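Chain and residue survey
The chain contents come next:
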Amino acid sequence: MTQGVYANVIVDISQEKLDRPFQYRIPDELKGKITAGTAVIVPFGAGNRELAAYVTEVTDRAEIDPAKIKDILQISEKRPTVETNQIRLAGWMKEHYGSTMIAALKTVLPVQQKNKTPERRRIRLLVGRDEVAKLLEEYNRKHQSARARLVAGLLDADGVLPYEKAIHELSVTLSVIRAMEQKEIVRIESETAYRNPVNREGRHREPVVLSTAQRHIAEDILTEYRSGHHGTYLIHGITGSGKTEVYMELIQGMIDLGRQSIVLIPEIGLTYQTVSRFTQRFGQRVSVLHSRLSIGERSDQCERARRGEIDVMIGPRSALFTPFEKLGLIIIDEEQESSYKSEPVPKYHARETAEELASYYGASVVLGSATPSMESYYRAEKGEIKRYELTERLTGGSLPEVYVEDLREELEKGNRSIFSRRLQKLMEQKLAAGEQIMLFLNRRGYAGFVSCRSCGHVMKCPHCDVSLSEHRGGRLVCHYCGYEQPAVDRCPSCGSKYISGFKAGTQQVEDLVHKRFPQARVLRMDADTTRKKDSYQEILSSFERQEADILIGTQMIVKGHDFPGVTLVGILAADLSLHANDYRAGERTFQLLTQAAGRAGRGSSPGQVVIQTYQPEHHSVRFAAKQDYRGFYQEEIVYRELMEYPPSSHMLAVLVLSGDGEKGETLAKELAEQAEAFAAGTPLRILGPTPASVGRVSDIFRHVLYAKCREERTLIALKDRLEAFLDKKEGRKEIVQFDFDPMNLY
Ligand code: ADP
Ligand code: ZN
Ligand code: ZN
């Protein structure tokens, strides 16, 4: 942040004009008082018309001849509006995550439909002919000729007149119409009825009576809010423990205070069932925003929010930017989900951004999860945010019985199939009993790691404790620090020759199931079978109607949906996700296993879960089998602290994208030199540069370097330094992206 000589402003909040910020000088008396988001008055154009404008950025660099830059006239007296808060947020995102101001503004400002047809209004007569005769008599007596003209005109036009016609042809003023509206003689209607994507169906449902634990949480948060304390809270509760009911109670509390709420849910959880629970409680005051809506529909919903027509907006990450005037609460459900981190630049995290936004409005932030992110739990442990626990499952159904099957032992006993003996036996039993089975293949983020099928040993980087990736040409490479070694043909741990990259897909699993259980009806859900619109929902519904015995799928199947008929869940290779060359692999595996295990036994019959693994002793597997979050956290955090990974430390990834591999590499090296120079004498550590694990995507080469530091501020300062360095490079074609505390290593 600079003191700043100049301010870039936008004079209108329309998408079209965003591409063109205007620059003004900050007069001495206003220095230090102006930041991104400040509303100011500026002289505009040749006639120096005084216009309201919003500052997007404060800078020392003149974009045009300094002699031609005019002074800002004054700071606008108006209190902060939705727009100023949004621009301020964009300014914060730019500083915090690294991006251009334009990219940040485009992220934050609500979608607006271009060339939107101007809103048409009309006036409707609400009384009958007899009544009109009486009214005309009264108006004539009182010499209220405008009112007389309007009712007479309406009568001639069969009761409906365009608004413009009434104003211009009948010369009736708006205040006259409003006065008649008060007496319920006429009504102004909008012709462009705003489409609400929320179905009207579903009767109003009375709220449940909250349990003592639920009530305690809701009352505590609302009491703090009313007394002016706006905090961040974590609700840790297993699926079915009643978190959603607490959310709704909080939203009701906000409605009573005239405040609005935003509910963020992962895109995949945005099902009909979730939304309808909210509409059953809050009716038409609820709306949704998601990527399947058209631009027009999304723009309508933002418009309704701006007008105060709704109290609750539900949606994925981007719903955070709903333009509410009186935002009181932001809820982030399943807050550990990686979809809350934006992949496009600015690579913001919805959780941090929500807290920043909430601070502008004095709003509170509630994070909910069955398996909280390491970040949130760490903050709760340090006392930075308040934590509540819900420990009882209110949906009934007992916790499933969990078996951990060691695949090394299976191989030793001569079982080379992908199904352990226990899983095969249970599958036979369930099929015979007509009960349903889910088979889950955990394939997340596995990129050519090499493991031993005899002993489970995984080839890892000796410096980073992330798995090495197999490259063509027989090298094993660490994509984090650049370490390399030759490939091996014998396991260094046990000497077995069964060491290789792991390859198995859902298609292969399906073939094997058909071979082993020819009588079973099988459904498969993965990226291939869900490419068509709605096919995701179709497969789930079909399985729910018990049209199949076995559902095979990737992580898609473990979320959101409840299947009372499922009594067996098989997790085919729990470790696959452990070896993603990624420091979050253990956390993600624990989350997936816990969620998958929670799928069994939702109905009346108790369920069984079989976790197949090469590493039964791994803490992600052990604690997921026991459904013990705290146990997992305590082991995982030791590893993060030791390796200086988030949340105990912070990390910045600098990604260089280039159409020319050599140029990309050169720039990455220059950036690393800059970073090293900056790091001298600070606790910063720089790693790399190295080619990214996916080194080339559609002919774009990717290089990456990392910086680690406990102080986030130091990393932001490093980012500023690198941005300044890049600004000076003329004609650069490479793209450089910054990613703070990345969800994946590159
Ligand atoms: P979560 O969001 O933690 O998964 P939900 O709020 O969806 O949990 O609750 C699970 C189920 O239990 C829902 O069907 C819900 O209506 C019901 N439920 C929650 N709280 C109560 C309560 N206090 N009394 C009765 N039923 C409840
Ligand atoms: Zn081995
Ligand atoms: Zn390494």
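Rules and cut-offs
Residues numbered from 1 in each chain as written. Chains lettered and ligands numbered in written order. Predicted model: local features only at pLDDT ≥ 70, side-chain atom pairs only at ≥ 80, totals over all residues. Heavy atoms only, no water. Helix = DSSP H or I, 4+ residues; strand = E, 2+ residues; numbered from the N terminus. Buried < 20%, exposed > 50% of the residue type's maximum accessible area, 1.4 Å probe, protein only. Contact = heavy atoms within 4.5 Å. Areas by Shrake-Rupley, 256 points an atom, 1.4 Å probe, with all protein chains shown as cover. Donors = N, O, S within 2.8 Å, 3.2 Å for Na, K, Ca; no water. Tetrahedral: all angles 85-135°; square planar, octahedral: opposite > 155°, others 65-115°. Pairing = 2+ DSSP bridges. Axes fitted to C-alpha atoms, helices over the stretch in contact; angles between N-to-C directions. Core = buried A, V, L, I, M, F, W, Y, C linked by side-chain atoms within 4.5 Å. Phe/Tyr/Trp six-rings, centres within 6.5 Å; stacked < 30°, edge-to-face > 60°. Lys NZ or Arg CZ within 6 Å of the ring centre and 35° of its normal. Near = heavy atom within 4 Å. Polar contact = N/O pair within 3.5 Å; in protein donor to acceptor, adjacent residues only side chain to side chain. Right-handed = clockwise from strand over helix to strand, strands pointing away. Patch = residues over 30% accessible without salt bridge, like charges linked within 9 Å, V, L, I, M, F, W, Y side chains within 5 Å. Salt bridge = Lys/Arg side-chain N within 4 Å of Asp/Glu carboxyl O. Lys, Arg positive; Asp, Glu negative; His and termini not counted. Charge placed at Lys NZ, Arg CZ, Asp CG, Glu CD. Parallel < 35°, antiparallel > 145°, perpendicular 65-115°, else oblique. Nonpolar A, V, L, I, M, F, W, Y, C, P; charged D, E, K, R; others polar. Expected span 1.5 Å × (residues − 1).

A word on the overall build of the protein chain
Across its full length, the protein chain holds 22 helices and 30 strands. Residues classed as buried in the protein chain amount to 54% of the 746 residues present. By sequence separation, contacts in the protein chain at least 24 residues apart represent 74% of the contacts at least 6 residues apart. Of the roughly 34,100 Å² of accessible surface on the protein chain, 48% is carried by carbon and sulfur atoms.

Let's talk about the coordination of the zinc ion (ligand 2)
Looking at the zinc ion (ligand 2), the protein donor atoms are Cys-452 (SG), Cys-455 (SG), Cys-491 (SG) and Cys-494 (SG), and they sit 2.2 to 2.4 Å from it. One can describe the donor arrangement at the zinc ion (ligand 2) as tetrahedral, given that its 4 donor atoms subtend angles of 106 to 112 degrees at the metal. Here the donor residues for the zinc ion (ligand 2) map to a single chain with the spacing C-x2-C-x35-C-x2-C. Cys-491 sits in the buried class, given a relative accessible area of 4%.

Some points on the sheet that holds strand β19 (residues 469–471)
Judged by pairing direction, the sheet is antiparallel, and its 3 strands sit side by side in the order β19-β20-β21 without closing on themselves. Either end of the sheet is taken by a strand with one partner, and the two such strands are β19 and β21 (484–486). Across the sheet, the mean angle separating the axes of adjacent strands is 30 degrees when strand polarity is ignored. For strand β20 (residues 475–477) and β21, the ladder comprises 3 bridges, and the chain directions are antiparallel. By the bridge assignment, Leu-476 is partnered in β21 with Gln-485.

Describing the nonpolar core
If you look at the biggest cluster of nonpolar residues, it comprises 101 residues, and the most contacted ones within it are Ile-330, Leu-551, Ile-571 and Leu-671. It is helix α2 (residues 82–98) that contributes the most residues to this core, 7 residues altogether. One finds Ile-221, Tyr-225, Tyr-233 and Tyr-247 within the second-largest nonpolar core, a separate group that totals 27 residues.

What about the packing of aromatic side chains?
Tallied over the entire structure, the rule returns 12 aromatic pairs. Ring geometry for Phe-543 versus Phe-563: centroids 5.1 Å apart, planes at 70 degrees, classification edge-to-face. Of this pair, Phe-543 sits in helix α17 (residues 535–544) while Phe-563 sits in the loop between β24 (550–553) and β25 (566–571), and the two are 20 residues apart along the sequence. Chaining the aromatic ring pairs together yields one cluster made of Tyr-377, Phe-590, Tyr-629, Phe-632 and Tyr-633. It is Lys-497 that lies over the ring of Tyr-498; its NZ or CZ is 5.1 Å from the centre. Across the ring face of Tyr-645, the terminal group of Lys-708 is positioned such that the distance to the ring centre comes to 4.5 Å.

Re the site of ligand 1
The full set close to ligand 1 counts 16 residues, and Val-209, Gln-214, Gly-240, Thr-244 and Arg-277 are the nearest of them. At 2.9 Å from an oxygen atom of ligand 1 is found a main-chain nitrogen or oxygen belonging to Lys-243. Here ligand 1, which alone exposes 550 Å², has 74% of that area covered by the protein. Here the shell around ligand 1 gets 3 residues from one element, more than from any other, and that element is helix α9 (residues 243–256).

Here's the deal with the pairing of strand β13 (residues 327–333)
Of all the 7 residues making up β13, 7 are buried; the element is thus mostly covered by neighbouring parts of the structure. In this sheet, β13 lies alongside strand β10 (residues 260–264) in parallel orientation, the contact comprising 5 bridges. Paired with Gln-260 across the strands is Leu-327, a residue of β13. The parallel pair β13 and strand β14 (residues 364–369) is bridged by helix α12 (residues 350–361), and the resulting crossover is right-handed.

Here we look at a positive patch on the surface
Residues Arg-416, Arg-453, Arg-490 and Lys-497 make up a contiguous surface patch of positive charge. Within the secondary structure, Arg-416 is located in the loop between α14 (407–412) and α15 (421–433). Classification of Arg-416 by relative accessible area gives exposed; the value is 56%.

A closer look at the pattern of salt bridges
Using the criterion set out here, one finds 44 salt bridges in the structure. For Arg-516, the salt bridge is made with Glu-428, and the minimal N-O distance between the two is 2.6 Å. Of this pair, Arg-516 sits in helix α16 (residues 506–516) while Glu-428 sits in helix α15; the two residues are 88 residues apart in sequence, bridging distant segments of the chain. For Arg-516, a relative accessible area of 32% puts it in the partly exposed group. Where Glu-644 meets Arg-685, a salt bridge forms, and the shortest distance between an N and an O atom there is 3.8 Å. On the criterion of sequence distance, the pair formed by Glu-644 in the loop between α20 (629–643) and β27 (650–658) and Arg-685 in strand β28 (residues 685–697) is long-range, its members being 41 residues apart. Residue class for Arg-685 comes out partly exposed when judged on its relative accessible area of 38%. Connected through salt bridges with shared partners, the residues Glu-83, Glu-303, Arg-304, Arg-306, Arg-307 and Glu-309 form a single ionic network.

Quick word on the environment of Arg-640
Topologically, Arg-640 is positioned in helix α20. In this structure the C-alpha to C-alpha distance between Arg-640 and Arg-584, which are 56 residues apart in sequence, comes to 9.2 Å. What Arg-640 contacts, discounting residues up to four positions off in sequence, is Met-374, Tyr-583, Arg-584, Glu-587, Tyr-645, Pro-646, Pro-647 and Ser-648.

Side note on the packing of α2 against helix α22 (residues 712–727)
Working note: a packed helix pair is described by the angle between its axes plus the distance between those axes. The contact between α2 and α22 brings their axes to 8 Å, and the two run at 90 degrees. The angle between the axes of α2 and α22 places the two elements in the roughly perpendicular class. Residues Lys-94, Glu-95, His-96 and Gly-98 of α2 form the contact with α22, whose own contacting residues are Glu-712, Ile-716, Lys-719 and Glu-723. When the residues that make up the contact of α2 with α22 are grouped by side-chain class, the tally is 1 nonpolar, 2 polar and 5 charged.

Re α12
Its 12 residues give α12 an end-to-end C-alpha distance of 16 Å, which sits within 8% of 16 Å, the value for a rise of 1.5 Å per residue. With 9 of 12 residues buried, α12 lies mostly within the body of the structure. Looking one or two residues past α12, Gly-362 carries a phi angle of roughly 65 degrees, positive in sign.

A closer look at the side chain of Thr-84
Within the secondary structure, Thr-84 is located in helix α2. Residue class for Thr-84 comes out buried when judged on its relative accessible area of 7%. The contact partners of Thr-84, leaving out residues within four places of it in the chain, are Gly-37, Ala-39 and Tyr-54.

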